[in-house]
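Residue strings, one per chain:
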Amino acid sequence: MAISRTHHHAFLLPSPGMGHLIPALELAKRLVTHKIIPKLTFFYTPIANSTPSKAETLVLHSAIKDNLFDIIQQHPLDLTSEVDPHASAEDKIAILMHELPLLFLSTISTMNLNPTIIITDFFICQALPLVQNLNLPMFAFSPTNAWLVALGLHTPTLDKQMQGEYVDEIEPISIPGCKPIYPKDMFDMLKDRTHRLYREFIGACEGAALANAIFVNTFHELEPKTLEALGSGGISKVPVYPVGPIIREPSPRSPSPSSDDGKRSEIVEWLNRQEEESVVFVSLGSGYNMSGEEIKEMALALELSGNKFVWSLRPSVNKAGHDHYLTAGDETGSTTTVSNVEKSDLFPDEFYRIQSNGIVITDWAPQLEILKHPSIGGFVSHCGWNSVMESVSCGVPIVGLPIFADQMMNATMLVEEVGNAVRVKASPSTNLVQGDELAKAIRKIMDKDDKEGSVIRERAKQLKHLAERALSDHGSSYSALSKIAL
């Protein structure tokens, strides 16, 4: 017997990490505000022995204040019982992917709630076999692009067909109907087939194949070829629906994670004084710490480009890395203009030479607010998918500096298929992006007389309008999201 939409109650289980938490919260908000799901319970999972970042705390408090759905905090997940506290991010994520579905099953087994729908993050779809006996509609939500979902659904087949490491392949790796993947761009979870993380990802992909449907944070006009391939049944029989772009739109009751209004006002007031599309925004993600050498090359690039800038920066006291992935947004300092940054061993001399030309933010940056500002003409980005979606929604072209995870795939797709980006690659000898090469890419995006740059800028603006149309009433993404309650 079909359940009336007015009686639906969804359980939504996201994966930890800001790149998963924010789109999951926004998905929940959209399901409720669009009256697709009248009641929703959101399961938040803190990491034991780890202080939640300021940004994560503020995002959750904003959702609680909005009071659109219930938020249940599960028992903290203790990763240190399985791995050393100083283990790599990959080791910790592997444990998380295995333990979180078990914790979720334990949590809901003690509750007196009766869900009618289960929604899990794509990367923890090991939960779906565990709840299959509830005989409820089960859905996966992927906060990535559709190309990565296609790769994931095809990975169990690749695992059976191919020998050796994927990254050692000479030719691109084929996915039926999709753009093939260059081995050097391979998703991090697939780079080492001997690592536990690889096996956990296989388990998640096999779990996703049990879903009634998979919802993806993309839209049809952005990835038409991949979505057509996913819809053909050649990769998997599971329906895949694009429901994006899903981005965090702060409401008056739900401020940006950068909660200091005075500092945000300072940034906006500075942007208001700049010419239209004259400022480049730089952010390599809240989970990545830049090394001194990387800061030096970025500062040199900004100096050589001649553009004004806003730079969201996490300096590292030791070395560059993404070990803060699960605690992205930790406070590392206060938001300040670069002219007020005191001399420190964390910053090279090149950093101080550009002090009169922009603003540096060493706290969580109000990224969407910055990208929406008319003075922003380009975005130097790590190509994390949330950042890509925000940039696309704002019509801002991208200079791609991918670092880890799915970012290499994202950057390649944006350059070769979407057409709204340029990519700068690291020097083979130093594994660093050289400042002069980065400066050339920035100038290409920002220079109004650059013909190739003009095409990229126009494509970025076109995508903005296509994204707006997809989200409008009866648009493709709006309509696809409604399928969750059919």
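Criteria and cut-off values
Residues numbered from 1 in each chain as written. Predicted model: local features only at pLDDT ≥ 70, side-chain atom pairs only at ≥ 80, totals over all residues. Heavy atoms only, no water. Helix = DSSP H or I, 4+ residues; strand = E, 2+ residues; numbered from the N terminus. Buried < 20%, exposed > 50% of the residue type's maximum accessible area, 1.4 Å probe, protein only. Polar contact = N/O pair within 3.5 Å; in protein donor to acceptor, adjacent residues only side chain to side chain. Contact = heavy atoms within 4.5 Å. Salt bridge = Lys/Arg side-chain N within 4 Å of Asp/Glu carboxyl O. pLDDT = per-residue confidence, 0-100. Lys, Arg positive; Asp, Glu negative; His and termini not counted. Core = buried A, V, L, I, M, F, W, Y, C linked by side-chain atoms within 4.5 Å. Pairing = 2+ DSSP bridges. Axes fitted to C-alpha atoms, helices over the stretch in contact; angles between N-to-C directions. Expected span 1.5 Å × (residues − 1). Right-handed = clockwise from strand over helix to strand, strands pointing away. Parallel < 35°, antiparallel > 145°, perpendicular 65-115°, else oblique. Nonpolar A, V, L, I, M, F, W, Y, C, P; charged D, E, K, R; others polar. Phe/Tyr/Trp six-rings, centres within 6.5 Å; stacked < 30°, edge-to-face > 60°.

Student: Quick rundown of the side chain of Thr-45? Include the residues and the values.
Tutor: Tracing the chain through its elements places Thr-45 in the loop between strand S2 (39–44) and helix H2 (54–66). Relative accessible area serves as the criterion here: at 5%, Thr-45 is assigned to the buried category. Polar contacts involving the side chain of Thr-45 include one to the side chain of Gln-74, which spans 2.8 Å. Excluding residues that lie within four positions of it along the chain, Thr-45 makes contacts with Leu-13, Pro-16, Gln-74, His-75, Leu-77, Leu-100 and Leu-103.

Student: Talk me through the pattern of salt bridges; I want residue IDs and the actual numbers.
Tutor: The final tally for this structure, using the stated rule, is 18 salt bridges. Here the residues in one salt-bridge network are Glu-26, Lys-29 and Asp-66, joined through shared partners.

Student: Residue-level account of the environment of Lys-184, with values.
Tutor: As for its placement among the helices and strands, Lys-184 is situated in the loop between helix H5 (146–161) and helix H6 (196–208). Sequence separation of Lys-184 and Met-408 is 224 residues, and the distance between their C-alpha atoms is 8.2 Å.

Student: How would you sum up helix H12 (residues 385–394)? Please name residues and give values.
Tutor: In terms of burial, H12 is a largely internal element, 10 of the 10 residues being buried. Buried residues belonging to H12 abut helix H1 (18–33), helix H11 (367–372), strand S12 (376–381), strand S13 (398–400), helix H13 (407–418) and helix H15 (451–471). Gly-395 occupies a position one or two residues after H12 and carries a positive phi of about 70°.

Student: Which residues make up the confidence of the model for the chain, and what values do they have?
Tutor: Residues of the chain with pLDDT of at least 70 account for 89%, and the chain-wide mean is 89. Taken as a whole, residues 328–339 scores under 50 in pLDDT and shows 44 contacts with residues more than four places along the chain or in a different chain.

Student: An account of the side chain of Glu-350 is needed here, citing residue identities and associated values.
Tutor: Note on placement: Glu-350 falls in helix H10 (residues 349–353). Within the buried core, Glu-350 has no salt-bridge partner, and the shortest N-O distance to an opposite charge, that of Lys-296, equals 4.0 Å. With residues near it in sequence (within four places) discarded, Glu-350 still touches Lys-296 and Ala-299.

Student: Can you tell me about the nonpolar core, naming the residues and giving the values?
Tutor: Residues Phe-122, Leu-151, Leu-153, Phe-187, Phe-201, Ile-214 and Ile-370 are the most contacted members of the largest nonpolar core, which totals 98 residues. Per-element tally for this core: the top contributor is helix H3 (residues 89–109), with 9 residues. In contact with Phe-122, other than residues within four places in its own chain, are Ala-140, Phe-141, Ser-142, Val-149, Gly-152, Leu-153, Phe-201, Ala-204, Cys-205, Ala-208 and Ile-214. Listed in part, the 34 residues of the second largest apolar core include Ile-22, Phe-42, Ala-63 and Phe-141.

Student: Residue-level account of unusual backbone geometry, with values.
Tutor: A cis amide bond, omega 0°, links Gly-244 with the succeeding residue Pro-245. Of note, Pro-245 is situated in the loop between strand S7 (240–242) and helix H8 (261–272). Despite not being glycine, Lys-35 shows a phi value in the positive range, around 60°. Tracing the backbone shows Lys-35 in the loop between H1 and S2.

Student: An account of the sheet that holds strand S3 (residues 70–73) is requested, with residue identities and associated values reported.
Tutor: Pairing is parallel across the open sheet formed by 7 strands, whose spatial order is S3-S2-S1-S4-S5-S6-S7. Each of the sheet's edge strands pairs with one partner strand only, and the pair in question is S3 and S7. Neighbour-to-neighbour, the strand axes of the sheet open up by a mean angle of 25°, direction not taken into account. Where S2 meets S3, 4 bridges bridge the pair, whose relative direction is parallel. The residue bridging Tyr-44 from the neighbouring strand is Gln-73, located in S3. Where H1 meets the sheet, its contacts fall on strand S1 (9–13), S2, strand S4 (117–121) and strand S5 (138–142), and the angle it forms with S2 comes to roughly 170°.

Student: Please provide a residue-by-residue account of H1, values included.
Tutor: Here H1 is 16 residues long and its end C-alpha atoms lie 22 Å apart, about the 22 Å a rise of 1.5 Å per residue gives. With 14 of 16 residues buried, H1 is to be regarded as a mostly interior element. The first or second residue beyond H1 is Lys-35, which carries a positive phi of 60°.

Student: So what about the pairing of strand S8 (residues 279–283)? Which residues, and what values?
Tutor: For S8, a buried count of 5 out of 5 residues is recorded, marking the element as mostly surrounded by other parts of the structure. Side chains of S8 alternate between two faces, with Val-279, Phe-281 and Ser-283 and Val-280 and Val-282 buried alike. Viewed along the sheet, the connection from S8 through helix H9 (residues 292–305) into strand S9 (residues 308–312) turns out right-handed. Note: S8 against S12, 5 bridges, orientation parallel. Among the inter-strand pairings, Val-280 is bridged to a residue of S12, identified as Gly-378.

Student: Tell me what's going on with the packing of H12 against H15, and back it up with residues and numbers.
Tutor: Running from N to C, H12 and H15 cross one another at 90°; their axes reach a closest spacing of 6 Å. By the criterion of interaxial angle, the relationship of H12 to H15 is roughly perpendicular. Residue-level contacts link Val-392, Ser-393 and Cys-394 of H12 to Ala-460, Leu-463 and Lys-464 of H15. Here the contact of H12 with H15 is composed, by residue class, of 4 nonpolar, 1 polar and 1 charged.

Student: Summarise the packing of aromatic side chains; cite the residues concerned and give the values.
Tutor: For any pair of aromatic rings, the description rests on two quantities: the centre-to-centre distance and the angle between the ring planes. As enumerated under the stated definition, the model contains 13 aromatic pairs in all. The interplanar angle of 55° and the centroid separation of 6.0 Å between the aromatic rings of Phe-123 and Phe-187 together place this pair among those described as tilted. Taken as a pair, Phe-123 in the loop between S4 and helix H4 (127–131) and Phe-187 in the loop between H5 and H6 lie far apart in primary sequence, 64 residues in all. Seen in terms of ring centroids, Phe-215 and Tyr-241 are 5.7 Å apart; in terms of plane orientation they differ by 40°. Their pairing is tilted. Taken together, the residues span a long stretch of sequence, with Phe-215 in strand S6 (residues 213–216) and Tyr-241 in strand S7 at a distance of 26 residues. Its relative accessible area of 22% is what places Tyr-241 among the partly exposed residues. An aromatic cluster of at least three residues, connected via ring pairs, comprises Phe-122, Phe-123, Phe-187 and Phe-201.

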